[in-house]
Structures are given as C-alpha cells and as structure tokens.
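Overview (structure and organization)
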Amino acid sequence: MEKSKENEGVIEYDAKCNGLYKTWLQCLSDSECVRNHPDQSRALYECSQPDSQGVLKICRTFQTSFATCRRDTIDRRKRIRGNPGF
C-alpha cells in the first residue's frame, strides 16, 4: 500500500482512491457551504462534517465512497482481490 503524500496542501492518496478524493474535493469546493463560509482556511474541514448545511447529497455520496475505498485498502482480503477503481 502506498503512503499518502502531501504536496502544496493537497494530500494525494494511492491511485485506487485518488480519483474519488479529487472528485469529492471538487464537489465540496463548489458547494454553497464552502463558498459562503466565513473562515476559508477551515471551510473544507467544517463543511465535510456530517451536520453541515449547504452540501449537496452527491458530495456526501463521494465522501462515503472515498471512505469505503480507503477502508478497503487496509482490508487484506480486498488488497489481494483488488479494489474496484474509480
């Protein structure tokens, strides 16, 4: 399993989950919650919380899919069989 790398404030995960991660971040960045947040440095963190308002349902779906992908990279059975890519 490849370790995550941080380049210029953006974390890059292994290739299996990287597409989901980038899609989720883009969706979250375009959401009303992030655009109207008073503190832009904490906007992504606070808007990714389950109780935040103004985030589309599809963004929550991407978040759940990304979490499942990351969890499956740790599961030994999934690592042997392979992870379905995005």
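Residues numbered from 1 in each chain as written. Predicted model: local features only at pLDDT ≥ 70, side-chain atom pairs only at ≥ 80, totals over all residues. Heavy atoms only, no water.

Quick look at the side chain of Ser-48
If you trace the backbone, Ser-48 turns up in the loop between α3 (43–47) and α4 (57–74). Since its relative accessible area comes to 13%, Ser-48 is described here as buried. Contact partners of Ser-48, with chain neighbours within four places excluded, come to Trp-24, Leu-28, Arg-60 and Gln-63. (Helix = DSSP H or I, 4+ residues; strand = E, 2+ residues; numbered from the N terminus. Buried < 20%, exposed > 50% of the residue type's maximum accessible area, 1.4 Å probe, protein only. Contact = heavy atoms within 4.5 Å.)

Things to note about the packing of helix α1 (residues 15–29) against α4
Each pair of packed helices can be described by the angle between their axes along with the distance between the axes. Closest axis-to-axis distance for the α1/α4 pair is 9 Å, and the angle between their directions is 155°. Relative to α4, the element α1 is oriented roughly antiparallel. Considering how the two elements wind past one another, α1 and α4 form a crossing that is left-handed. Here Lys-16, Cys-17, Leu-20, Tyr-21, Thr-23, Trp-24, Cys-27 and Leu-28 of α1 lie close against α4, whose contacting residues are Ile-58, Cys-59, Phe-62, Gln-63, Ser-65, Phe-66, Cys-69, Arg-70 and Thr-73. Looking at the contact of α1 with α4, its residues break down into 11 nonpolar, four polar and two charged. (Axes fitted to C-alpha atoms, helices over the stretch in contact; angles between N-to-C directions. Parallel < 35°, antiparallel > 145°, perpendicular 65-115°, else oblique. Left-handed = near helix turned anticlockwise from the far one by under 90°. Nonpolar A, V, L, I, M, F, W, Y, C, P; charged D, E, K, R; others polar.)

What about the state of the cysteines?
This model, assessed by the stated rule, comprises three disulfides. Covalently, Cys-17 is tied to Cys-69 through a disulfide, its sulfur atoms 2.1 Å apart. Its torsion about the S-S bond being -90°, the disulfide of Cys-17 and Cys-69 is classed as left-handed. Pair noted here: Cys-17 is in helix α1 and Cys-69 is in helix α4, with a separation of 52 residues, a long-range link. For Cys-17, a relative accessible area of 0% puts it in the buried group. Residue pairing for Cys-27: its cysteine sulfur links by disulfide to Cys-59, the two sulfurs lying 1.9 Å apart. Measuring handedness by torsion sign, the sulfur bridge of Cys-27 and Cys-59 sits at about -85° and is left-handed. (Disulfide = S-S within 2.5 Å.)

Some details on the packing of aromatic side chains
Counted according to the given criterion, the structure contains three aromatic pairs. Centroid distance Trp-24 to Phe-66: 5.9 Å. Interplanar angle 20°. Geometry classified as stacked. Separated by 42 residues along the polypeptide, Trp-24 in helix α1 and Phe-66 in helix α4 bring together distant segments of the chain. Accessibility expressed as a relative area gives 12% for Trp-24, which makes it buried. Connected via pairs of aromatic rings, a cluster forms that spans Tyr-21, Trp-24 and Phe-66. (Phe/Tyr/Trp six-rings, centres within 6.5 Å; stacked < 30°, edge-to-face > 60°.)

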